[in-house]
Amino acid sequence: MKKALITGITGQDGSYLADFLLNKGYQVWGIIRRSSSFHTGRIDHLYRDLHEEPQLRLVYGDLTDGSNLSAIVNEIRPDEIYNLGAQSHVRVSFDMPIFTVDTDALGTLRLLEAVRSSDKAVKFYQASSSEMYGKATEVPQTEMTPFYPRSPYGCAKVYSFWQTVNYREAYNLFVCNGILFNHESPRRGETFVTRKITMAATRIKCGLQSKLYLGNLDAKRDWGYAGDYVEAMWLMLQQDKPDDYVVATGESHSVREFVAEVFAYLDMDWQKYVEIDPRYFRPSEVDLLQGDASKARKVLGWKPKVTFKELARIMTDADMGIAEREKILKDHGR
Ligand code: NAP
Ligand code: GDD
């Protein structure tokens, strides 16, 4: 049985990847941070669904603690490591640049060092990001497009990208970068723009809130579905040779279009409810991301399944369920 180790297993992608790998018959180990409250909501269903010996195991760790990462890699001796752990919020990275770089840049280096010193050949996936293109020099962006990061987060991801490439070339390790464009789902963190919109729109529909405050409506993103994207991560580690791949839908839509799509689906006029709050503007913005995933399509045989419209509806339907339950509780005074 193959063993996979996932950093960031409590996050959106980590939870979908754990679902995916367990279905493939892997034993999955996840690194979780100690917290004063439970934060395993996205993977709790995996414990409930497992009848026999649980193949999901959690260990405490943190990307800021290198000795702990080495001890975990040496003890578990995984076949594959997926480094998904990160301070992943671009706006927050301006408020917490040092922590972001410690986790998202040095954290990757610490884990690569653990891989390099392991006596077992471990395959390694690095969660690189379309944010690395930042002020993009061409549209669409491919594996050859130069990076021009626009945030502490983007800079940290560029650092990790190149460390990963360098460890491949210097030490002949099987390490890959997936350059993933934005991907969303009902498990998306609540402060990322798509989820913020679907949560607010459904709560407005249920009479639980009256307004939605947003920042830049003109920014354009290439939005796909997280469930589709974790398959691409796995495929990268199943190839004969390690390489770097763009993973994207090839379509770009503005924040305004996403808002309009969701509110129209709920039969509401978004302009009556959405207000602009400059607090959500960023010191430097990434205006347009649109990926060309031809290489992933050709080499990995990967393509996205869920369309922009379907994504907006999947997320809206899921949040409507949550809003309706909240409304019932409120009506019963709970
Ligand atoms: P997410 O939902 O924010 O999850 C981030 C995960 O990282 C959480 O499990 C979090 O743990 C963990 N984490 C944060 N700081 C850590 C630290 N110091 N040590 C160990 N773990 C830490 O992010 P996501 O959307 O799943 O994204 C997964 C990865 O892909 C991230 O590296 C992100 O930067 C990258 N990425 C995401 C997208 C996207 O559109 N989603 C696109 C490109 C790249 P807690 O639960 O304890 O906070
Ligand atoms: N979060 C947020 N909140 N974004 C807003 C808001 C708001 O109220 N209003 C407008 N936006 C705009 C942002 O300025 C940005 O241009 C766009 O919506 C998307 O913002 P996010 O959903 O926060 O995602 P992101 O593109 O900055 O970063 C995500 O995708 C990256 C891949 O390109 C994150 O998942 C990163 O971790 C990931 O690497």
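These figures come from a predicted structure and were not determined experimentally.

Criteria and cut-off values
- Residues numbered from 1 in each chain as written.
- Chains lettered and ligands numbered in written order.
- Predicted model: local features only at pLDDT ≥ 70, side-chain atom pairs only at ≥ 80, totals over all residues.
- Heavy atoms only, no water.
- Near = heavy atom within 4 Å.
- Polar contact = N/O pair within 3.5 Å; in protein donor to acceptor, adjacent residues only side chain to side chain.
- Areas by Shrake-Rupley, 256 points an atom, 1.4 Å probe, with all protein chains shown as cover.
- Helix = DSSP H or I, 4+ residues; strand = E, 2+ residues; numbered from the N terminus.
- Core = buried A, V, L, I, M, F, W, Y, C linked by side-chain atoms within 4.5 Å.
- Buried < 20%, exposed > 50% of the residue type's maximum accessible area, 1.4 Å probe, protein only.
- Domains from an automatic or database assignment.
- Contact = heavy atoms within 4.5 Å.
- Pairing = 2+ DSSP bridges.
- Axes fitted to C-alpha atoms, helices over the stretch in contact; angles between N-to-C directions.
- Left-handed = near helix turned anticlockwise from the far one by under 90°.
- Nonpolar A, V, L, I, M, F, W, Y, C, P; charged D, E, K, R; others polar.
- 1 Å grid on protein atoms, 1.4 Å probe; cavity = no way out; pocket = protein on both sides within 12 Å on 5 of 7 lines; lining within 4 Å.
- Points joined across faces, edges and corners; volume = space filled by probe spheres on them.
- Expected span 1.5 Å × (residues − 1).
- Buried area = accessible area lost by both parts, 1.4 Å probe.
- Salt bridge = Lys/Arg side-chain N within 4 Å of Asp/Glu carboxyl O.

Asker: What exactly am I supposed to notice about the site of ligand 1 here?
Answerer: Contacts to ligand 1 come from 25 residues, most closely from Thr 10, Asp 13, Arg 33, Ser 88 and Tyr 153. Here an oxygen atom of ligand 1 sits 2.5 Å away from a polar atom, N or O, in the side chain of Tyr 153. The protein chains hide 90% of the 910 Å² of surface that ligand 1 would expose on its own. Only helix H1 (12-23), helix H5 (97-117), strand E5 (123-129) and helix H6 (152-171) provide two or more residues apiece to the shell around ligand 1. Per-element tally for the shell around ligand 1: the top contributor is E5, with 3 residues.

Asker: Looking at this structure, how should I read the nonpolar core?
Answerer: For soluble globular proteins, the rule of thumb is that nonpolar side chains tend to be buried together. Leu 21, Tyr 82 and Phe 263 are the most contacted members of the largest nonpolar core, which has 76 residues in total. Residue-level mapping places this core at the junction of two domains, with at least three residues from each of domain 1 (3-185 + 225-247) and domain 2 (193-220 + 252-288 + 306-331). Contacts of Tyr 82, omitting those with residues within four sequence positions, involve Ala 4, Leu 5, Ile 6, Thr 7, Leu 17, Leu 21, Tyr 125, Met 233, Trp 234, Leu 237 and Gln 238. The next biggest cluster of nonpolar side chains, apart from the first, holds 19 residues, and it includes Val 73, Leu 111, Ala 114 and Val 115.

Asker: Whenever I open this one, the sheet that holds strand E3 (residues 56-60) confuses me. Can you help?
Answerer: Through backbone hydrogen bonds, the strands of a sheet pair up, either in parallel or in antiparallel fashion. On the basis of which strands lie adjacent, the open sheet formed by 7 strands has the order E3-E2-E1-E4-E5-E6-E11 and parallel pairing. If you trace the sheet from one side to the other, it starts and ends with E3 and strand E11 (244-247), each paired once. Pairs of neighbouring strands in the sheet enclose a mean axial angle of 20°, with direction left out of account. Note: strand E6 (residues 175-180) against E11, 4 bridges, orientation parallel. The residue of E11 that forms the bridge with Ile 179 is Val 246. Most of the contacts of H5 go to E5, to which it runs at about 165°, and overall it touches strand E1 (3-7), strand E4 (80-83), E5 and E6.

Asker: How do you make sense of the packing of helix H3 (residues 66-76) against H5 when you look at a structure like this?
Answerer: Helix packing for two helices is described by the angle between their axes and how far apart those axes are. It is at 9 Å that the axes of H3 and H5 come closest, and there the two elements cross at 35°. In terms of crossing hand, the pair formed by H3 and H5 is right-handed. Only Gly 107, Arg 110, Leu 111 and Ala 114 of H5 make contact with H3, whose side of the interface consists of Gly 66, Leu 69, Ser 70 and Val 73. Among the residues making up the contact of H3 with H5, the classes are represented as 4 nonpolar, 3 polar and 1 charged.

Asker: Would you explain the layout of surface pockets in this entry?
Answerer: Rolled over the atoms, a probe sized like a water molecule indicates the empty space that remains. Each pocket or cavity is described by its volume, and for the second largest pocket that value is around 170 Å³. Around the second largest pocket sit Glu 143, Met 144, Thr 145, Pro 146, Phe 147, Phe 161, Trp 162, Val 165, Ile 179 and Asp 244, which together line it. The greatest single-element share of the lining of the second largest pocket, amounting to 3 residues, is contributed by H6. Class assignment for the residues of the lining of the second largest pocket results in 7 nonpolar, 1 polar and 2 charged.

Asker: I'm lost on the site of ligand 2 in this one. Help?
Answerer: Among the 23 residues in the neighbourhood of ligand 2, the closest are listed as Ser 129, Ser 130, Tyr 153, Arg 282 and Glu 285. Residue Gly 215 places a main-chain N or O atom 2.8 Å away from a nitrogen atom belonging to ligand 2. At a separation of 2.6 Å, an oxygen atom of ligand 2 approaches a polar side-chain atom of Glu 285. Tallied by class, the residues present in the shell around ligand 2 amount to 9 nonpolar, 8 polar and 6 charged. Two domains share the shell around ligand 2, each providing at least three of its residues, namely domain 1 (3-185 + 225-247) and domain 2 (193-220 + 252-288 + 306-331).

Asker: Please explain H1 as it appears in this structure.
Answerer: In an α-helix, one full turn covers 3.6 residues, which means residues spaced three or four apart are oriented alike. Taking 1.5 Å of rise per residue, the 12 residues of H1 would be expected to cover 16 Å, and the 17 Å separating its terminal C-alpha atoms lies within 8% of that figure. For H1, the set of buried residues is Gln 12, Asp 13, Gly 14, Ser 15, Tyr 16, Leu 17, Ala 18, Asp 19, Phe 20, Leu 21 and Leu 22.

Asker: Got a minute to help me understand the domain arrangement of the protein chain in this structure?
Answerer: Interface extent is often summarised as the accessible area lost during association of the parts. One can read the domain layout of the protein chain as domain 1 (3-185 + 225-247) and domain 2 (193-220 + 252-288 + 306-331). If you average the C-alpha positions of domain 1 and of domain 2, the two centres end up 28 Å apart. Of the residues lining the interface, 14 residues belong to domain 1; the matching set on domain 2 comes to 13 residues. Overall, the association of domain 1 and domain 2 removes approximately 1,200 Å² of surface from exposure, summing both partners, and the carbon and sulfur fraction of that is 59%. Inspection of the region where domain 1 meets domain 2 yields 0 salt bridges. Taken together, the links from domain 1 to domain 2 amount to 5 residue pairs in polar contact (both at pLDDT 80 or more). The leading source of residues in the side of domain 1 that touches domain 2 is helix H4 (residues 90-95), at 3 residues. Here the side of domain 1 that touches domain 2 is composed, by residue class, of 5 nonpolar, 4 polar and 5 charged.

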